[in-house]
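Examination of the molecular architecture
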Amino acid sequence: MKGATALVLSTAPGRARGIGIAAAIATILLWTAFIVIARAMALRSLTPFDILACRIAGAALVLLPWGVWIVRRRRAAGGEAPSWLGVSPLSARTTLVCGLLGGVGYGVFAYAGFVFAPAAHGSVLLPGMLPLWTALLAVALLGERLRPARLGALALIVVGAAVVGGASLLAAFDGGDVWKGDLCFLAGSACWSAYTVLMRRERLDPVEATVAITVCAAFVWLPLWAVLVASGVVESRLAHAPWGEIAFQAAWQGIASVVVSGITFATMVRSFGPVRSTMLTALVPGLSALSAVALLGEPLDWHLVAGLLLVSAGIVLGVRAAAAGDRSPLAASVVESDAPRRRPPD
C-alpha cells in the first residue's frame, strides 16, 4: 500500500509536490473521521436533512464572507470577475453544477446512507467506488483511455462492491434496509466523482470551488429544505435537538468536512489529477472500517472483509497502472509544468 501511494505522490511536479502530499494526508484523515462520525451521529436526534442543513450553515459562516471578499478583490483590481450573486467567485452555471454535485447531491445521499447502513459499508462504497466512477467519467469527459491493467483494477472494485451490496440485497428479503443505505452511498460517490472531474476539466481554484459549492447549497438547498419542512413533506427535528449537538454538527460537518476537507481535496486534485487523487483514497476504506469496529463496536463480517480487500486491491492496482507510464491526455495533464494556469472562459 505504501509503495503504491508513493508512486502516485511521485508524479506531482517538484514545487507543488509538498503541498499535494500534505493535502492528500489531510484529506485521508478527514474522510476517515467523516465516515465514523457521520455513522455515530446518524441515529441521534437529527435527521439526515437536518445534518445537511447544519453542514451548509456551518460552512456558510466561513465561506460566504470569503467569497464576497474574493469577488470584491477581483473587481477592485479591474480584472474580469465572473460571479454569481456577488458571493460565488465562479459563474452561475459552474456554481450551480458544482454545488448540486459536490454539495447537495453528495451530502443528501451520504447522510441518508448512514441511517440505513453501517460505517463499514460506507467505507467500501463511498471512497472505495470513487476510482470507478471517476475513471468512467474521465473517459467520457476528459478523453481518458483505460488500459487493460486499469480495467482489471476497476473490475476488482466492482466485484468488491457487489460482494458488500449483494449481501445487503439478500438481507432485503428478510426485511432488511441496509441495501437502501448502500444505494445511497453509491449515488453519493458518483456525485462526488462528477464534481472531481468537472473541477479538473475547468481547472478550478480549490478555494473558489469550495466557496461555490457552499453558495449553491446555501442559496438553493436551504430555502428548498425550509419550504419542504414547513409544508410537512420533510421531517425536521432541529427544534427538539440539543444545542450542543447542533453546534457540533455545524462545526464538524460544516467547517472541518467542507471548508478544510474541501480545500485539501481540491488541492490534491489540482496536484495529482482526478484519477490519481481518488486512487490515493485507498487508505480510507480500511482505516474507516477498522475505526468503526474499534470505536462504534460494529461487526466486521466476512463479506465486508472480502469486499474491503477486493476494493483496496483494485485501488492499489489502479495506482500502479496509472503510474506505470500511462500517457493519456488526463495522465499527461497531471505532470504538466507548474506554470500559472489561465481560467477558461465560462
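The present account deals with the structure reproduced in this document. (Residues numbered from 1 in each chain as written. Predicted model: local features only at pLDDT ≥ 70, side-chain atom pairs only at ≥ 80, totals over all residues. Heavy atoms only, no water.)

1. With respect to the overall build of the chain
Where we set the bar: Helix numbers and strand numbers start at the N terminus; a helix is a DSSP run of H or I with at least 4 residues, a strand a run of E with at least 2. Exposure classes here rest on a 1.4 Å probe applied to the protein chains alone. A residue is buried below 20% of its type maximum, exposed above 50%, and partly exposed in between. Throughout, a contact is declared for two residues whenever any of their heavy atoms are within 4.5 Å. The Shrake-Rupley method, run with a 1.4 Å probe, gives the accessible areas here. Residue values count only the displayed protein chains as cover.
Of the regular secondary structure elements, the chain holds 14 helices and zero strands. Starting at the N terminus, the α and β elements of the chain follow one another as α-α-α-α-α-α-α-α-α-α-α-α-α-α. Going through the 346 residues of the chain one by one, you find that 53% of them count as buried. Looking at the chain alone, contacts between residues at least 24 apart form 85% of all its contacts between residues at least 6 apart. Summing over all exposed atoms, the chain offers an accessible surface of approximately 14,300 Å²; the carbon and sulfur share of this is 69%.

2. Brief notes about the side chain of Ser261
Here Ser261 lies in helix H10 (residues 243-272). When its relative accessible area of 5% is taken as the criterion, Ser261 is described as buried.

3. Some details on the packing of aromatic side chains
Ring pairs (aromatic) are described by centroid distance and by the angle formed between their planes. Heads up, the condition is: Pairing of aromatic side chains here covers Phe, Tyr and the six-membered ring of Trp, requires ring centres within 6.5 Å, and sorts the geometry by plane angle: under 30 degrees stacked, over 60 edge-to-face, intermediate tilted.
For the structure shown, the criterion picks out eight aromatic pairs. When the centroid spacing of 6.1 Å and the interplanar angle of 80° are considered together, the rings of Trp31 and Trp192 count as edge-to-face. One end of the pair, Trp31, is in helix H2 (residues 14-42); the other, Trp192, is in helix H8 (residues 178-202), and 161 residues separate them in sequence. Grouping residues by exposure puts Trp31 and Trp192 together as buried. Looking at Trp192, the relative accessible area reads 7%, which means it is buried. Site record: aromatic cluster; members linked through ring pairs are Trp31, Phe34, Tyr106, Tyr111, Phe114, Phe185, Trp192 and Tyr195.

4. Notes on the nonpolar core
Put simply, the rule reads: Think of a nonpolar core as a cluster: buried Ala, Val, Leu, Ile, Met, Phe, Trp, Tyr and Cys residues, connected wherever their side-chain atoms sit within 4.5 Å.
Formed by 78 residues in total, the largest nonpolar core has its most connected members in Phe34, Phe114 and Met199. Setting aside its immediate chain neighbours within four residues, Phe114 contacts Phe34, Ile35, Ala38, Arg39, Ala42, Ala119, Gly122, Leu126 and Phe185.

5. Some points on unusual backbone geometry
In this structure, Leu85 takes a positive phi of about 65° despite not being glycine. By the element assignment, Leu85 lies in the loop between helix H3 (48-77) and helix H4 (92-116).

6. Notes on the pattern of salt bridges
In plain terms, the rule: One side-chain nitrogen of Lys or Arg within 4 Å of one carboxyl oxygen of Asp or Glu is enough to make a salt bridge.
On inspection of all chains with the given rule, the structure shows five salt bridges. With its nearest N and O atoms 3.3 Å apart, the salt bridge here joins Glu298 to Arg39. Residue Glu298 is found in the loop between helix H12 (283-296) and helix H13 (302-323), and its partner Arg39 is found in helix H2; the two are separated by 259 residues along the sequence. A relative accessible area of 10% means that Glu298 is categorised as buried. Here Arg201 makes a salt bridge to Glu202, at a shortest N to O gap of 3.4 Å.

7. Regarding the packing of H3 against helix H9 (residues 206-230)
To be explicit about the condition: Orientation is described by lines fitted to C-alpha atoms, with helices fitted over the stretch in contact, and by angles between N-to-C directions that extend from 0 to 180 degrees. Any angle between 65 and 115 degrees counts as roughly perpendicular, while under 35 counts as roughly parallel, over 145 as roughly antiparallel, and the rest as oblique. We call a crossing left-handed when the near helix sits turned anticlockwise from the far one by less than a right angle, and right-handed when that turn is clockwise.
Between H3 and H9, the shortest axis-to-axis distance is 7 Å and the interhelical angle comes to 130°. Taken together, H3 and H9 sit at an angle that is classed as oblique. Viewed along their axes, H3 and H9 form a crossing whose handedness is left-handed.

8. A few points about helix H6 (residues 130-142)
All of the buried residues in H6 are Leu130, Pro131, Leu132, Thr134, Ala135, Ala138 and Leu142. Positioned one or two residues after H6, Gly143 has a phi angle of 75°, which is positive.

9. What about H4?
Owing to its 3.6 residues per turn, the α-helix brings residues three or four apart onto one side. In plain terms, the rule: By this rule the span expected of a helix is its residue count minus one, scaled by 1.5 Å. To obtain the bend at a residue, axes are fitted to the seven residues ending there and to the seven starting there, and the angle between these axes is taken.
With 25 residues, H4 ought to run about 36 Å at 1.5 Å a step, and its terminal C-alpha atoms sit 35 Å apart, in line with that. Of all the bends found along H4, the most pronounced is centred on Leu100 and spans about 40°.

These values are about where atoms sit, not about what they do.
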